[in-house]
Amino acid sequence: LLKLLSEAILASGGSGNEVARLSSSDAPLVEDEAIEILDRDPLGVVTHYAVTKLYEILAKLNDPSSSSSNVSIASVFYTGKEGILVDHWKSLLRILNKGGKGDSFAQTAAATCLSIILVVACPSQRSKASSNNSQHPQRVVSYSSTLEPLEALTAWIVSQLKNSYSSSSSSSSSGGGSTSNDSTSVSLVIPALITLMGCTETRVLFASCGGVKYLSRHLRLKKSPSSVNSSSSVVSGNAPVVSAKKSGGASVQQMYELAFCLWTMTYELNDSADIRADFARDGAGVHAFSDLISVAPREKIIRVALSALRNLATCSVDSYGDESVTEDEEMKDEGSKKKKIDATYFLNEMIACGCLKSVQNLKERQWKDPDIIDDITKLYSLLVENYHEMTRWEVYKSEVEMGNLQWGSTHTEPFFKENAKSFEGPDGDFSLVKILIALVTNQDEDVAAIACHDIGEFARHYPNGRQIAKRLGAKDLVMPLIEHDNVELQRHALQCVSKIMVQNWEYVN
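Residues numbered from 1 in each chain as written. Predicted model: local features only at pLDDT ≥ 70, side-chain atom pairs only at ≥ 80, totals over all residues. Heavy atoms only, no water.

Student: Describe unusual backbone geometry, listing the residues and the values that go with them.
Tutor: The phi dihedral of Phe 430 is positive, around 55°, even though this residue is not glycine. If you trace the backbone, Phe 430 turns up in the loop between helix 23 (413-419) and helix 24 (431-439). At Asn 464, a residue that is not glycine, the phi angle is positive and equals roughly 65°. Residue position: Asn 464 is located in the loop between helix 25 (445-461) and helix 26 (465-471). (Helix = DSSP H or I, 4+ residues; strand = E, 2+ residues; numbered from the N terminus.)

What follows is the structure in structure tokens.
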């Protein structure tokens, strides 16, 4: 089958792809039209037949009920005394690398088949299989022979996630609505990704390719622009309501599958400083799971998100392998100080995301699943304990550093009067003000509006704050927002510029 597949791909030379229309078309075709398409693209028929049959064989060999047989994936796809991977695996990779000419059905099937074949050689999977089936001696398999295809497959999966996210971000910012294409692109990789997430080695490889970042970004939920009334939110201290519409346009099932994959990555936190650093980068992982527990439409998504947050909130840095980690890998710069990326670090991020309120809301609901109840109880206890140890300034600082600005008591005049001097920072470089200035260009209009508000309050309450805000470029970035379509953002931008320009702004009606 692999040889047949290879010959079909080489013979087609990337042309044809008529059969791809049959698997991707939403509109039903009459029999004559379908047969005509099949006749025009015989090599496409061969490709679909080969990958479908290959998947059926792999599914049968993977079936636990057939484990008594001496025939296995290892014995079929790994040859010789050393158990080297058969060379024809490259035919599956060629299907993936067709780019824009690709056939979504063939690509999904090829990626899934390749992932099933490759994970068999992973040492963690081998030891698991050995303990589950001790009566049959295992076929010798060379893990080193799978490294090249594993790296190629993982890179392809991450590139699909990256391209899908970039596409959805650009269509979102331009007001487009091509979320169905983005959803299709994500669905290409999900079956293969779920298979790869079953092994420690492939999880680490996926993280090294930047996979944690793109998974997290796909799971981030959009905030509705009209969901917040700024003045009432400041008084009540309520956070903005998050819309259940995903930035990537994925379905509820896709959202669950992506969350499941990111959750499995949290089981590598204790043993990998790099993966802890990936989850800490931009706070995207904590953001994603915090969004999910606040508005997830299904209990199964909440269950996975809570378990992941608990893993983040209880991770340690003293497991094997961390003793050799360098300071740069294990620490995150914060001015002249360094922050250790551990459970406390992630708890601070959760508090900055408003996770405490979300968990408290979940705590008040009735749950039948004992795992959910246990996760909620443990997570709430950890968050409350950590919150009591943080000052209001630390909560605000963490919120700004993560770019997760939400209306509340830390965005009020009394707070800025009390903490204006703290904006200088340990090095006197006003690093937090610089972050606020950068946030006025944030795609989230609520975040941009709050950043404008906070810059204006800094300009009012810090001695010479107006000149500092001007020098750091605040006025130039905020001025164009005065003509923004969002009325709230427009209002806060106008007030911000006024506070920077007018010396006695409080006397202006």
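Student: Summarise the packing of helix 14 (residues 252-265) against helix 17 (residues 299-314); cite the residues concerned and give the values.
Tutor: Where helix 14 contacts helix 17, the two axes come as close as 9 Å, and the packing angle between them is 20°. Put simply, helix 14 runs roughly parallel to helix 17. Considering how the two elements wind past one another, helix 14 and helix 17 form a crossing that is left-handed. Of helix 17, the residues touching helix 14 (which contributes Val 252, Gln 253, Met 255, Tyr 256, Ala 259, Phe 260 and Trp 263) are Lys 300, Ile 301, Val 304, Ser 307, Ala 308 and Asn 311. By residue class, the composition of the contact of helix 14 with helix 17 is 9 nonpolar, 3 polar and 1 charged. (Axes fitted to C-alpha atoms, helices over the stretch in contact; angles between N-to-C directions. Parallel < 35°, antiparallel > 145°, perpendicular 65-115°, else oblique. Left-handed = near helix turned anticlockwise from the far one by under 90°. Contact = heavy atoms within 4.5 Å. Nonpolar A, V, L, I, M, F, W, Y, C, P; charged D, E, K, R; others polar.)

Student: I'd love a proper account of a nonpolar patch on the surface, names of residues and values included.
Tutor: The grouping of Leu 1, Leu 4, Tyr 49 and Ile 57 at the surface amounts to a nonpolar patch, some 350 Å² of accessible area in total. Within the secondary structure layout, Tyr 49 lies in helix 4 (residues 42-62). (Patch = residues over 30% accessible without salt bridge, like charges linked within 9 Å, V, L, I, M, F, W, Y side chains within 5 Å. Areas by Shrake-Rupley, 256 points an atom, 1.4 Å probe, with all protein chains shown as cover. Salt bridge = Lys/Arg side-chain N within 4 Å of Asp/Glu carboxyl O.)

Student: Report on the packing of aromatic side chains, specifying residues and quantitative values.
Tutor: Centre distance and the angle of the planes are the two values used to describe a pair of aromatic rings. Enumeration over the complete set of coordinates arrives at 16 aromatic pairs. Between Tyr 396 and Phe 423, the ring centres sit 5.8 Å apart and the planes meet at 70°, which makes this aromatic pair edge-to-face. In this pair, Tyr 396 sits in helix 22 (residues 392-402) while Phe 423 sits in the loop between helix 23 and helix 24, placing the two residues 27 residues apart along the sequence. Classification of Phe 423 by relative accessible area gives buried; the value is 1%. Geometrically, the ring pair formed by Phe 423 and Phe 458 is tilted, given 5.5 Å between the ring centres and 55° between the ring planes. Here Phe 458 lies in helix 25 and Phe 423 lies in the loop between helix 23 and helix 24, a separation of 35 residues in the sequence. Of the residues examined, Phe 458 reaches a relative accessible area of 1% and is grouped as buried. Put simply, the rings of Trp 393, Tyr 396, Phe 415, Phe 416, Phe 423, Phe 430, Phe 458 and Tyr 462 touch in pairs and so form one group of aromatic residues. Between the NZ or CZ atom of Lys 300 and the centre of the ring of Tyr 256, over which it lies, the distance is 4.7 Å. (Phe/Tyr/Trp six-rings, centres within 6.5 Å; stacked < 30°, edge-to-face > 60°. Buried < 20%, exposed > 50% of the residue type's maximum accessible area, 1.4 Å probe, protein only. Lys NZ or Arg CZ within 6 Å of the ring centre and 35° of its normal.)

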